[in-house]
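Spelled out from the first residue to the last, the chains are:
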Amino acid sequence: MDRIAIQGGAQLFGEIPISGAKNSAIKLMAASILTDQPLRLTNMPRLADTKFLGQLLRQFGITVTESDGPDGQQTLFDAKAITSTFAPYELVRQMRASFNVLGPLLARTGHARVSLPGGCTIGARPVDLHIDALSRLGASIELDEGYVSATAPKGLRGAEIVFPFVSVGATEHALLAAVLANGTTVLRNAAREPEIGDLARCLIAMGARIQGLDTDVLTIDGVTSLNGTDWSVIPDRIEMGSYAVAAAMAGGEVRLTHARADLIQALTDKMIQAGVEITPTDDGVIVRRDPARRLKAVDVTTEIYPGFATDLQAQFMALMTTAEGTSVIHETIFENRFMHAPELARLGADIAVHAGEARVNGVEVLHGAPVMATDLRASVSLVIAGLVAQGETTVGRVYHLDRGFERLEEKLGACGAQIRRIHGEDDSDGH
Ligand code: EPZ
């Protein structure tokens, strides 16, 4: 297993191009199931998660072709014929979002058998809302031996679905099924994350009829078939936010490009309060910080979009470890998303976690140490802390990082970070 080694202390100067959003790309990939015509996705990130979902789609008989096209990295999906509608546990457990192939398989073919994903390190993460939504759309659903078997031989039918609380995955899943349902579906209390908007806009380009984009009520008039299209994946706001925090942590001046400043405003507002200089540009932001001046502690509470993203909480916590004062961080989306706190403590951070709250007492310096990534966003928070920790920090279990950050060491290294990947070393001896 690979590790990332960082020698702390270098300021960052330069430009970082932001990739297409992982959490949009994997939903757009699932949309390819819905049409027998080719779907070409551009601005595609090349990540472990997109590779993995590509393998699952191939299992259904879909041709998946990655290439470098005139618009950069692209992937062509051709689902002319769906030859299997079975998604086994061995594949679904590796990436829980792959559960969301159930709805589109059902909508396209009338049947599917997909493994339940199980829990993960950031929480129990059940899929009850997904299953309820598909039942409301007329699917007959049976749960047996860890699998969901769903049928709708005469097709799905439109329905009103009121989500009891906001779920990104359940909104996306219901949308992917309702576009081919017979009649009108209304999704209330829908998620408004930008990746849902990206999916809805792509589906519209494929011929779907959806109203209420970027609001919490989506109205979908089902159509009998969808066409192929070309679609450019929205920039990754979490990658952008992570590099904005990295630049603020290390100090210096970094321009983030191919991105959208408006998508991370909840984060940049907090960074400005802490003392970071943020300048929006036409295609991103410039982040500046004088490392001689200590940042101030700021409190954050994670919320659904457009609030402060849970996927940026670990990174912001890393930033607060060396700020002046105490920062109180509330995690409201997932029940167990502070696994990075004890790892940051290994670098000298002073963090007390109690239930959904972490109190971060800023310290003057961090010291490099071996640490372990526990999930995707936690892993990048450890890299961020490593940028200022005195001496060397090595981050183990880098496969978490590879799920969602494209060429991270290359992007940070180009701005002056002393960062390298150590290939193939066993990382189980760290602690
Ligand atoms: C998406 O997960 C993202 N994943 C997550 O990013 C992100 O943290 C999360 O949304 C919140 O923004 C993808 O887009 C692939 P939810 P999702 O359904 O859809 C509970 C990353 O690092 N819930 O909005 O799974 C659930 O347990 C990942 O890229 C139910 O109880 O999130 C959670 O507490 C991590 N029943 C809350 O709702 C359900 O049926 C919100 O989850 C569904 C969800």
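Residues numbered from 1 in each chain as written. Predicted model: local features only at pLDDT ≥ 70, side-chain atom pairs only at ≥ 80, totals over all residues. Heavy atoms only, no water.

Can you help me understand the site of the ligand in this one?
Lys 27, Asp 128, Ser 167, Asp 311 and Ile 333 are the nearest of the 23 residues found near the ligand. Asp 128 places a side-chain nitrogen or oxygen 2.7 Å from a nitrogen atom of the ligand. Isolated, the ligand exposes 830 Å² of accessible area, and the fraction of that covered by the protein chains is 87%. For the shell around the ligand, the elements supplying multiple residues, two or more each, are helix 1 (22–31), helix 5 (128–136), helix 6 (168–178) and helix 12 (376–386). When residues of the shell around the ligand are assigned to their parent elements, the largest contribution, 4 residues, is made by helix 1. Broken down by class, the residue content of the shell around the ligand amounts to 11 nonpolar, 5 polar and 7 charged. Two domains share the shell around the ligand, each providing at least three of its residues, namely domain 1 (3–18 + 235–422) and domain 2 (22–232). (Near = heavy atom within 4 Å. Polar contact = N/O pair within 3.5 Å; in protein donor to acceptor, adjacent residues only side chain to side chain. Areas by Shrake-Rupley, 256 points an atom, 1.4 Å probe, with all protein chains shown as cover. Helix = DSSP H or I, 4+ residues; strand = E, 2+ residues; numbered from the N terminus. Nonpolar A, V, L, I, M, F, W, Y, C, P; charged D, E, K, R; others polar. Domains from an automatic or database assignment.)

Teacher, can you tell me more about the domain arrangement of the chain here?
One widely used convention gives an interface's size as the accessible area the parts lose upon coming together. Split into domains, the chain comes out as domain 1 (3–18 + 235–422) and domain 2 (22–232). Each of domain 1 and domain 2 has a C-alpha centre, and the two are 31 Å apart. Across the boundary between the two partners, domain 1 contributes 22 residues, which contact 22 residues of domain 2. Each partner contributes to the roughly 1800 Å² buried at the junction of domain 1 and domain 2, and carbon and sulfur atoms together form 49% of this total. Considering only the surface of domain 1 that becomes buried against domain 2, Tyr 305, Arg 403 and Glu 406 emerge as the three largest contributors, covering 33% of it. The tally of links between domain 1 and domain 2 comes to 2 salt bridges. Across the pair Arg 237 and Glu 195 runs a salt bridge, and its minimum N-O distance is 2.8 Å. Along the contact surface separating domain 1 from domain 2 lie 7 residue pairs in polar contact (both at pLDDT 80 or more). (Contact = heavy atoms within 4.5 Å. Buried area = accessible area lost by both parts, 1.4 Å probe. Salt bridge = Lys/Arg side-chain N within 4 Å of Asp/Glu carboxyl O.)

Which parts of the structure should I look at to understand the environment of Thr 301?
Checked against the element boundaries, Thr 301 lands in strand 18 (residues 300–301). Taking the relative accessible area as the measure of exposure, Thr 301 reaches 33% and is therefore partly exposed. Between the alpha carbons of Thr 301 and Ile 333 there is a distance of 9.6 Å; along the sequence they are 32 residues apart. With residues up to four places along the chain from it excluded, the contact list for Thr 301 reads Phe 308, His 330 and Thr 332. (Buried < 20%, exposed > 50% of the residue type's maximum accessible area, 1.4 Å probe, protein only.)

Any chance you could explain the pattern of salt bridges here in plain terms?
Pairing of side chains with opposite charge becomes possible as their charged atoms draw close. Applying the stated criterion to the full structure yields 22 salt bridges. In this structure, Glu 160 engages Arg 188 in a salt bridge whose closest nitrogen and oxygen atoms are separated by 2.7 Å. Taken as a pair, Glu 160 in strand 10 (residues 160–162) and Arg 188 in strand 11 (residues 184–188) lie far apart in primary sequence, 28 residues in all. Under the relative-accessibility criterion, Glu 160 is labelled partly exposed at 38%. Arg 421 is paired through a salt bridge with Asp 402; the nearest N and O atoms lie 2.7 Å apart. Here Asp 402 lies in helix 13 (residues 399–402) and Arg 421 lies in strand 24 (residues 418–422), a separation of 19 residues in the sequence. Classification of Asp 402 as partly exposed rests on a relative accessible area of 26%. Residues participating in the shared-partner salt-bridge network are Asp 2, Asp 402, Glu 409 and Arg 421.

Explain helix 8 (residues 237–250) here, please?
Counting along an α-helix, one turn takes 3.6 residues, and residues three or four places apart therefore face a common direction. Between its first and last C-alpha atoms helix 8 spans 20 Å; for 14 residues at 1.5 Å apiece the expected length is 20 Å, and the two agree. For helix 8, the N-terminal capping position is held by Asp 236, with its side-chain oxygen 2.9 Å away from the main-chain nitrogen of Ile 238. (Expected span 1.5 Å × (residues − 1).)

Could you clarify how one ought to interpret the environment of Thr 151 in this entry?
Its location among the elements puts Thr 151 in strand 9 (residues 147–151). Sequence separation of Thr 151 and Phe 13 is 138 residues, and the distance between their C-alpha atoms is 55 Å. If we ignore the near neighbours within four places in the chain, the residues touching Thr 151 are Leu 106, Gly 110, His 111, Gly 138, Ala 139 and Ser 140.

Any chance you could explain the sheet that holds strand 6 (residues 86–87) here in plain terms?
One key point about sheets: their strands pair by backbone hydrogen bonds, in either a parallel or an antiparallel sense. Here we have 4 strands laid out as an open sheet, ordered 6-7-9-8, and mixed in their pairing. In the strand order of this sheet, the two ends are held by strand 6 and strand 8 (140–144), each with one partner. In this sheet, strand 9 lies alongside strand 7 (residues 111–115) in antiparallel orientation, the contact comprising 5 bridges. Among the inter-strand pairings, Arg 113 is bridged to a residue of strand 9, identified as Ser 149. Here helix 4 (residues 102–109) sits on the sheet in contact with strand 7 and strand 9, set at roughly 165° to strand 7. (Pairing = 2+ DSSP bridges. Axes fitted to C-alpha atoms, helices over the stretch in contact; angles between N-to-C directions.)

For this particular structure, what's the right way to read the packing of aromatic side chains?
To describe a pair of aromatic rings, one takes the distance between the centres and the angle between the planes. One pass over the structure, following the stated rule, counts 2 aromatic pairs. Ring geometry for Phe 86 and Tyr 147: centres 5.6 Å apart, planes at 20°, overall stacked. One end of the pair, Phe 86, is in strand 6; the other, Tyr 147, is in strand 9, and 61 residues separate them in sequence. Take Tyr 147: its relative accessible area is 13%, and that puts it in the buried class. Ring geometry for Phe 308 against Phe 316: centres 5.5 Å apart, planes inclined by 75°, an arrangement best described as edge-to-face. Taken as a pair, Phe 308 and Phe 316 share a single burial class, namely buried. Just above the ring of Tyr 89 sits the side chain of Arg 93; from NZ or CZ to the centre is 5.7 Å. (Phe/Tyr/Trp six-rings, centres within 6.5 Å; stacked < 30°, edge-to-face > 60°. Lys NZ or Arg CZ within 6 Å of the ring centre and 35° of its normal.)

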